[in-house]
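# Summary of structural features
Residue strings, one per chain:
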Amino acid sequence: MTLTANKGEWSELYVLYCLFADHKISAADNELKPTNKFYSFVKIFREDNPDQPLVYDLENENTVVIRGKGLCKEISTLGLSGKTKKIFDKIKIATDTTFSVVEAENLMQEFLLTKIKANSLEKSDLIATIKDDIVSETEPYGFSIKSQVGGASTLLNASTSGTNFIYKISGVHGDKEQINAIDTRSKVRNRLEKILDTGAKLEFIGMTSQVFRENLRTVDSNLPSIIAEMLLNYYLGKGSTIDVLCDLIANNIVFDLNKIQIISKIKNFLKIVALGMVSQTPWNDRLSAYGGYIVVRDDGQLVCYHLYNEDAFKDYLFNNTKFDTPSSTRHNFGRVYEKNGELFINLNLQIRFLH
């Protein structure tokens, strides 16, 4: 049976084939450009079948040795780079949401892979050991993979129960149904403007997910309020990119934080989201399970950020992400509602890459 997947999923398999072929990935600078530094991948671990975990040994040039229970298979990778290039071209030109890539599927059989996307209970998409002049890891670490192929991907996905921020409306003059009846293309923005035009005030009071709230507070106790203020400015149309939204709340007397302090907190938040924190799972402030972040650029080149070079990674995230508007109907936000005689409105957080 022919397998189908989307561009992001095929890109993960493309990364695996590139590592089989080259055994290394260029380190990235803060603009996602390759440097003259490389990370060498020594072993890759897969559990497509829980009863037969496999280790792909990349220590010998032009060879991959697959080891498992009672298994040792050596595969020559001469010519594999040319095949991976053809696979990337097929991924890039695909127009359907999900599609097949016969060339990639044929290689799956050769390398004993049964699934396009690796099994993982974590956010890691690839488990490996690596080495370079600075880092030499003997324990497996996880890498997240993001693909620029086929459009901008999300860094933080919207969730109805996870990423809604709650604002209390006080002093409103007018009927809430008149506000909710606004159904323009920018209806959330126009509803907020209508609320404020009546002389009402919007006050952030909490989040629909206590788990996400506590995750944010683990990063920084001020973070829920800081993001809530950025979110309000975003939905009011004052800006969308992370850098601009930080500028808008810098030196806010409510937070008593300057621009440098605000940016530092947001950079840490973006890094932690990229490396594992999600809205619905408690986060314990540990990143030791994550080795880094691999990006498939739109030209097919792979670049990697490792945690020891986190400044470049955080700069990249900060300068290349924005707030985004998910479906207000699907995620239950942007409408005024009444609870215990008081009025509220929810605004939803979703973060997307610029490219």
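A count of helices and strands for the protein gives 11 helices and 16 strands. Of all 355 residues assigned to the protein, the portion counted as buried reaches 50%. When contacts within the protein are restricted to residue pairs at least 6 apart in sequence, long-range pairs at least 24 apart make up 68% of them. Counting 42 positive and 44 negative side-chain charges, the protein places the averaged centre of each group 3 Å from the other.

Once that is clear, we can look at the packing of helix 8 (residues 242-249) against helix 9 (residues 259-274). Relative to each other, helix 8 and helix 9 sit at 140 degrees, their axes nearing to 9 Å. The angle between the axes of helix 8 and helix 9 places the two elements in the oblique class. Taken as a pair, helix 8 and helix 9 cross one another with a handedness that is right-handed. Residue-level contacts link Ile242, Cys246, Asp247 and Ile249 of helix 8 to Lys259, Ile262, Ile263, Ile266 and Leu270 of helix 9. Considered class by class, the residues forming the contact of helix 8 with helix 9 number seven nonpolar, no polar and two charged.

Ranked by size, the top nonpolar core spans 62 residues in total, and within it Ile266, Phe269, Phe323 and Leu349 carry the most contacts. With nine residues, the top contributor of residues to this core is helix 7 (residues 223-235). When near neighbours in sequence (up to four residues on either side) are disregarded, Phe269 contacts Leu156, Leu216, Val219, Leu223, Ile227, Met277, Leu349 and Ile351. Core analysis: the next-biggest nonpolar cluster, separate from the first, contains 45 residues, Leu13, Tyr17, Ile75 and Ile130 among them.

Below, the discussion takes up the confidence of the model for the protein. Detail in the predicted coordinates should be disregarded across regions flagged by low pLDDT. A residue-level look at the protein finds 95% of positions with pLDDT of 70 or above and a mean pLDDT of 91. Across the protein, element-level confidence peaks in strand 13 (residues 321-323) with a mean pLDDT of 98 and bottoms out in strand 11 (residues 290-296) with 86.

For helix 8, the set of buried residues is Ile242, Leu245, Cys246 and Ile249. Taken end-on, helix 8 shows its buried residues confined to a sector of 100 degrees, consistent with a single buried face. Of the surrounding secondary structure, the elements contacted by the buried residues of helix 8 are helix 7, helix 9, helix 10 (310-319) and strand 13.

Bridge count between strand 4 (residues 63-68) and strand 5 (residues 71-76): six bridges; the pairing is antiparallel. Looking across to strand 5, one finds that Val64 is bridged to Ile75.

This part is about the sheet that holds strand 10 (residues 201-207). Strands in a sheet are paired, the pairing made by backbone hydrogen bonds, and the direction either parallel or antiparallel. Read from one edge of the open sheet, four strands run 10-9-15-14, paired in antiparallel fashion. Unpaired on one side and paired on the other, strand 10 and strand 14 (336-339) mark the two borders of the sheet. Sheet twist, expressed as the average angle between the axes of neighbouring strands with direction ignored, equals 40 degrees. Sitting on the sheet, helix 5 (residues 187-197) touches strand 9 (164-170), strand 10, strand 14 and strand 15 (342-348), and the angle it makes with strand 15 is about 145 degrees.

Below, the discussion takes up the packing of aromatic side chains. Tallying each qualifying case throughout the model produces 16 aromatic pairs. Residues Tyr17 and Phe20 carry aromatic rings whose centres are separated by 6.5 Å and whose planes lie at 55 degrees to one another, so their mutual orientation is tilted. Here Tyr17 pairs with Phe20, and both are found in helix 1 (residues 7-22), just three residues apart, close to one helical turn. Looking at Phe20, the relative accessible area reads 0%, which means it is buried. Put simply, the rings of Tyr293, Tyr305, Phe313, Tyr316 and Phe353 touch in pairs and so form one group of aromatic residues. The side chain of Lys24 reaches across the aromatic face of Phe38, ending 4.5 Å from its centre. A cation sits over an aromatic face here: Lys267 above Phe318, 5.5 Å from the ring centre.

Attention now goes to the pattern of salt bridges. The tally for this structure, following the rule as stated, stands at 22 salt bridges. With a shortest N-O distance of 2.5 Å, Asp299 and Arg297 are connected by a salt bridge. Classification of Arg297 by relative accessible area gives buried; the value is 16%. Several salt bridges converge on common partners, so that one network encompasses Glu12, Lys117 and Asp125.

To continue, consider unusual backbone geometry. Here the phi dihedral of Leu32 falls at roughly 65 degrees; this positive angle occurs in a residue that is not glycine. Mapping Leu32 onto the fold places it in the loop between strand 1 (24-28) and strand 2 (34-46). Notably, Asn332 is not glycine yet its phi reads approximately 55 degrees, a positive angle. With respect to the helices, strands and loops of the structure, Asn332 is situated in the loop between helix 11 (328-331) and strand 14.

Our focus in this paragraph is the environment of Thr129. Tracing the backbone through its elements, the reader meets Thr129 in strand 6 (residues 126-131). Residue classification places Thr129 among the buried positions, given a relative accessible area of 5%.

Parameters at a glance
Residues numbered from 1 in each chain as written. Predicted model: local features only at pLDDT ≥ 70, side-chain atom pairs only at ≥ 80, totals over all residues. Heavy atoms only, no water. Helix = DSSP H or I, 4+ residues; strand = E, 2+ residues; numbered from the N terminus. Buried < 20%, exposed > 50% of the residue type's maximum accessible area, 1.4 Å probe, protein only. Contact = heavy atoms within 4.5 Å. Lys, Arg positive; Asp, Glu negative; His and termini not counted. Charge placed at Lys NZ, Arg CZ, Asp CG, Glu CD. Axes fitted to C-alpha atoms, helices over the stretch in contact; angles between N-to-C directions. Parallel < 35°, antiparallel > 145°, perpendicular 65-115°, else oblique. Left-handed = near helix turned anticlockwise from the far one by under 90°. Nonpolar A, V, L, I, M, F, W, Y, C, P; charged D, E, K, R; others polar. Core = buried A, V, L, I, M, F, W, Y, C linked by side-chain atoms within 4.5 Å. pLDDT = per-residue confidence, 0-100. Arc of directions from axis to C-beta. Pairing = 2+ DSSP bridges. Phe/Tyr/Trp six-rings, centres within 6.5 Å; stacked < 30°, edge-to-face > 60°. Lys NZ or Arg CZ within 6 Å of the ring centre and 35° of its normal. Salt bridge = Lys/Arg side-chain N within 4 Å of Asp/Glu carboxyl O.

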